[in-house]
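# Structural description and commentary
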Amino acid sequence: MSEEATNDSPMGPHGPSAAEAREEMLKAYPKKTQRKRGKQMLVNEEPGTPAEIGANSRTVPGIITQRGCSYAGCKGVVIGPIYDVLHITHGPIGCGWYSWLSRRNMNKIRKPGETNFLQYSMSTDMQEDHIVFGGEKQLEAAIQEAYDEFKPKAISVYATCPVGLIGDDIHSVCRKMKEKLGINIFGFSCEGYKGVSQSAGHHIANNGVFKHMIGVDDTPVEHKYKINILGEYNIGGDAWEIDRVFALCGIKIIGTLSGGVSYDDITNCHMADLNVVMCHRSINYMAEMMEEKFGIPWFKVNFIGLEGTKKSLRKIAQYFGEKELIDRVEEVIAAEMAEVRPVVEDVKTRTTGKTAALFVGGSRAHHYQDLFEDMGMKVIAAGYEFAHRDDYEGRDVLPNIKIDADSRNIEELTVTPDETRFDAEKPVKKKSLEESGFEFSDYEGMMRQMAKDTLVIDDISHYEMEKLIELYKPDVIGSGIKDKYIVEKMGVPCKQLHSYDYGGPYAGFKGAINFFKDIDRMTSNKIWKLATPPWRNTGEATAEKAEAVTA
Amino acid sequence: MSCNCKQGNPDIMTADGDSPEAALPAAATRNACKLCSPLGAAMVFKGIRGCLPFLHGSQGCATYIRRYMISHFREPVDIASSSFSEDDAIFGGEKNFTAGVENVIRQYQPEMIGVGTTCLSETIGDNMLGMIKKYQDSHAGKGPPLVHVSTPSYTGTHSDGYYAAIKAVVQHFAKPLRVTMPRLVNVLPAMMSCEDLRYLREVCAMYELDATILPDYSTTLEGGSWEMYHRISPGGVTINDIEEMGAATATLEIGHTQANNKDSAGHWMEKERGVRLDSVGWPIGIRLSDEFFAAMSLIANRPMPDQIALDRGRLVDAYIDAHKYVAGKKVAIYGEPDLVIGLASFLSEIGMRPVICATGAKVKGWRELVTAEIQGGCNDVETIHGADHAKISERARELKPDLLVGSSKGYPLARELKIPLMRIGFPIHDRFGGQRILSVGYRGALELFDMVVNALMESKQENSETGYSYL
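Since the model is a prediction, treat every value here as computed from it, not as a measurement.

Glancing now at the overall build of chain B. If you tally the helices and strands in chain B, you get 18 helices and 15 strands. Computed over C-alpha atoms, the radius of gyration of chain B comes to 23 Å, within 12% of the 23 Å expected from 2.2 N^0.38 for 471 residues, which places it in the range of a compact globule. Taking the principal axes of the C-alpha coordinates as reference, chain B spans close to 75 × 55 × 45 Å. For chain B, with 471 residues in total, the buried portion stands at 61%. Put simply, 72% of the contacts in chain B that link residues at least 6 apart link residues at least 24 apart.

Printed below as a string of structure tokens:
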């Protein structure tokens, strides 16, 4: 396996083969951990038929992980961004504080008189007494107070670790207060210890949104092409860029779940003709449940990257099948690309052949590969923080995924077709399209897109990340804030793909331009050359410098 | 929480010792002015060389605390977790604890593991000391020391977690020693910036003292680029030095709340290890710095070094030059208790009126503590403890301060009131350099003074019709 790595090597110009790197990383662990991590760390030997990965398994205690908890996935990611629902965290102060505007899911109020509740972090701030005697009364008072002061349309309550343990029944408090106040009030049992990562929280959130919000408002939406975008959280304004492109195409987005979205959008979004899914991991449950209840079909899209955006727009146009829409989409693509092309052509002169590694999220480590490919860069290693096997290997493995104890604890809703609102025409249309080769309910997964003999690492630990840098020195790593500074300490620029380092949007066409410029700037920066002071420069370093200048 | 809020809010005291009439929400905390206690403990552990913080609970706690500390310090912050699952929450976390500790030791080879608890492990009542002992017994006492501090998020704030961890570390390591080294001093700082800690060391050196500063995260949380990979960020006070704290000539414990706290680490050192305690407030401004340097002179048996005296002169000179821009201006201060007291002292001494002095912590005798340090009377000073930003905002709308002083979390209020925010404390995540703000001593006061004056001048310029540039 130890053939000399060259520029054509799937792992870039430096370092050993992926298999050797894998062995090297596993070496440090005790036997048991080695076995477990071994399953989460693969060489992508057959991209066409991906090997089985040990994703969505428990984090080994003591391994410093990127993963968060169920509460973070539920409140922090999926429901937190709904700006006109008032969110109350039931628990001691930490969780409410840490999830207070710490994700960059952007929002604007739509009309005068509305309040953007995201600027508030409400917590019942449980004290020892509540832990001993129960906190239901405190929660009830908090809901009443919030109602008195803000009169919101809806209040959403999130349970943190101790709540489940002391047996507070947040759901009965919510029901009681809903009845009393006459507004929609619902709770989420998303205690941090549930599941193995924030992914459990996504599922819990999907269930709650589906039960308490979807289908509440049947007001018809008059538009020829109506869709929802599921799993787009408007980080750095991504959803707004997607909105812009869709408006140009003449497609109506009823609800974007749940970025830049209002409560009203969500309660009315079952009026759509089609659901398209961005982040498969966090919201595939919703897509499935809406199809079962209302007949709305779904397919996977990706608006991160030029090729992905074009492909996704065309597929949506084809779904509706009207020539005017298909033509309009082509016109929009042509006009937008005219703007993007000179940028990408310029940037590519500097970025082609450079390497990247991506360890982030449950879909981003896949989506962003498109953007790097657009720039002629090579992704040598990638992995998710909290995804499941289907996000790596594709949805065709779903029937073979063993349900473990942690997943079984998360409620699986039984959904049946709605007696009056199930649209029987939609499945018929879906079937006829499928016959002509159109794919629905699809996701091919990350590994199929990755090059042969690259590294796939699930839930990467700090230690493994450091090894990776030591061995390969990628030109850029896409990750999150918890890794950013350790990566940069080691002389590699790190792009935060959760928060975008205060930049963005990166979606759609204008977003791609932002991304190309940011990555170009990061991979061309010279700051680390100053790390070694001139009086310490050895002959070797000078040679390296000379090489860098000629390169 | 008792709800006698109809008679006014019990957590707010006006000048006459009354609670204001208007009832403020008390059941929910809106926009908290405090963080949870494990965060404070993690800060302390980060200030010990080779120490890896370890939180016993859900991994979310470690992750959230890491991301918050990182966004302030912009440095790597590793905190391990025992990653509880639902089963562990029911049956206890011992298995995870043991596995976690083993993995941490193998991967990071720490010199110490600082074990904090979370509301999860505290609620189920995991016996940490028992678990640690069992682990160590089964390893024949080998491996790094495990130091435990109890930090449930449902009691106290990050400040409490911080001070509790200092005490836990001192109790664990400081040996009873018969010798006294006259040039050795222990410094137990409040939750200060990295720059403050560096300056404290410099000051000690100027007094020809060898300082054991616990914690010292000045390098671990603000270091340079690495030429080689470090498992644990370099820097921090060594365990060896902590062990020898009993030989110091004195302990300088910083923070008004600790002076009053008979259970503080400094008090413990005095009682149990016979090291004299000198308690000082967070030395912000001239008077508190005078007290601080007087204590230093006493400990060191040296007069004030010329350099420091010169700093003092420059500070007074600056006060004289700029007093017309600050005198009579109203300021609202919020943050950790000891920081707020120090700032109130400083801001009142330059002629500003600290109309709101708020902390998220519940502090016994808060009003007395704060007002004792305020110059120029306290009739117009409102002191709030157990505050959240909703309460602070409510009062600020009425009292109309000209300046806000505190963490980044005051920004929405500053924007609403169209007044400047001078950022200090934790966290600062919407500006750079929070970890480099110097507040301690005359030099720190000078830096803060310039920040205050310039913030006010800038806002005056921006809101002026003419916008003169020569002021």
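More follows now that the structure is in view.
Let's shift gears to the pairing of strand β3 (residues 51–56) of chain B. Residue and element names in this part refer to chain B. When you tally the buried positions in β3, you get 6 out of 6 residues, the bulk of the element. The alternating pattern of β3 places C51, P53 and L55 on one face and L52, F54 and H56 on the opposite face, and all of these are buried. The pairing of β3 with strand β5 (residues 112–117) spans 6 bridges and is classified as parallel. Within the sheet, the bridge partner assigned to L55 lies in β5 and is G116. Note: β3 against strand β4 (residues 80–81), 2 bridges, orientation parallel. Of the residues in β4, the one forming a bridge with F54 is A80. In this view, the connection linking β3 to its parallel neighbour β4 by way of helix α2 (residues 59–73) has right-handed handedness.

Residues and elements named next belong to chain B. Across the sheet, 4 strands lie side by side as β8-β7-β9-β10; this open sheet has parallel pairing. Each end of this open sheet is capped by a strand with a single partner; those strands are β8 (210–213) and β10 (276–280). Neighbouring strand axes in the sheet, compared pairwise and without regard to direction, differ in orientation by 25 degrees on average. Here 4 bridges tie strand β7 (residues 181–188) to β8, and the two strands are oriented parallel to one another.

Here we come to the interface of chain B and chain A. Opposite the 54 residues of chain B that make contact, chain A presents 65 residues. Those elements giving two or more residues to the side of chain B that touches chain A turn out to be β2 (29–30), α2, β4, α3 (86–91), α4 (94–108) and α5 (119–124) of chain B. For the side of chain B that touches chain A, the element with the highest residue contribution is α2(B), accounting for 10 residues. When its residues are assigned to classes, the side of chain B that touches chain A shows 24 nonpolar, 20 polar and 10 charged. Of the pairings in the sheet, the one linking strand β3 (residues 122–123) of chain A to β2(B) comprises 2 bridges and is antiparallel in character. Counterpart to M122(A) in the pairing with β2(B) is R30(B).

A few words on the domain arrangement of chain B. Residue and element names in this part refer to chain B. Assigned domains of chain B: these are domain 1 (37–172), domain 2 (176–300) and domain 3 (306–462). Computed from C-alpha coordinates alone, the two centres of domain 1 and domain 2 are separated by 23 Å. Residue-level contacts link 26 residues of domain 1 with 25 residues of domain 2. If you list the elements that add at least two residues to the side of domain 1 that touches domain 2, you get α1 (37–46), β3 and α7 (158–173). Here the element with the most residues in the side of domain 1 that touches domain 2 is α7; it accounts for 8 residues. Its residues placed into classes, the side of domain 1 that touches domain 2 shows 15 nonpolar, 6 polar and 5 charged.

Our focus in this paragraph is the environment of W268(B). Residues and elements named next belong to chain B. Checked against the element boundaries, W268 lands in helix α11 (residues 265–273). Separated by 98 residues in the primary sequence, W268 and V170 have C-alpha atoms spaced 8.6 Å apart. Ignoring anything within four residues of it in the chain, the contact list for W268 reads K167, V170 and Q171.

This part takes up the nonpolar core. Residue and element names in this part refer to chain B. If you look at the biggest cluster of nonpolar residues, it comprises 300 residues, and the most contacted ones within it are V169 and I333. It is α7 that provides the largest number of residues to this core, a total of 9 residues. Residues within four places of I333 in sequence aside, it is in contact with V340, L343, A344, L347, P354, I356, C357, V405 and G406.

Along the chain, T124(A) turns up in the loop between β3 and α5 (128–133). Among the residues examined, T124(A) registers 30 C-beta atoms within 10 Å and is labelled buried. The spacing of T124(A) and Q138(A) is 14 residues in sequence and 6.6 Å in space, taken between C-alpha atoms. Filtering out sequence-adjacent residues up to four positions away, T124(A) remains in contact with I88(A), H90(A), G91(A), G135(A), Q138(A), L139(A), A142(A) and A28(B).

Quick look at unusual backbone geometry now. Across residues other than glycine, the phi torsion is negative in most instances, and most of the peptide bonds are trans. Going from L257(A) to S258(A), the amide bond is cis rather than trans, its omega being -5 degrees. Within the element layout of this structure, S258(A) appears in strand β7 (residues 252–258). Non-glycine residue N301(B) carries a positive phi angle of around 55 degrees. Topologically, N301(B) is positioned in the loop between α12 (286–300) and α13 (306–326). Residue class for N301(B) comes out exposed when judged on the 12 C-beta atoms lying within 10 Å of it.

All names here are of chain B. Overall, the predicted model of chain B reaches an average pLDDT of 93, with 94% of residues at or above 70. The low-confidence segment residues 1–8, where pLDDT is below 50, has 13 contacts with residues more than four positions distant or belonging to other chains. Note that pLDDT drops below 50 for residues 20–25; the model gives that stretch 17 contacts with residues more than four away or on any other chain. Across the interface, the model reports ipTM at 0.92; the global pTM reads 0.93.

Reading guide: rules and limits
Residues numbered from 1 in each chain as written. Chains lettered and ligands numbered in written order. Predicted model: local features only at pLDDT ≥ 70, side-chain atom pairs only at ≥ 80, totals over all residues. Helix = DSSP H or I, 4+ residues; strand = E, 2+ residues; numbered from the N terminus. Rg over C-alpha atoms; globule rule 2.2 N^0.38 Å. Buried ≥ 20, exposed ≤ 12 C-beta atoms within 10 Å, placed from the backbone. Contact = placed C-beta atoms within 7 Å. Pairing = 2+ DSSP bridges. Right-handed = clockwise from strand over helix to strand, strands pointing away. Axes fitted to C-alpha atoms, helices over the stretch in contact; angles between N-to-C directions. Nonpolar A, V, L, I, M, F, W, Y, C, P; charged D, E, K, R; others polar. Domains from an automatic or database assignment. Core = buried A, V, L, I, M, F, W, Y, C linked by C-beta atoms within 7 Å. pLDDT = per-residue confidence, 0-100.

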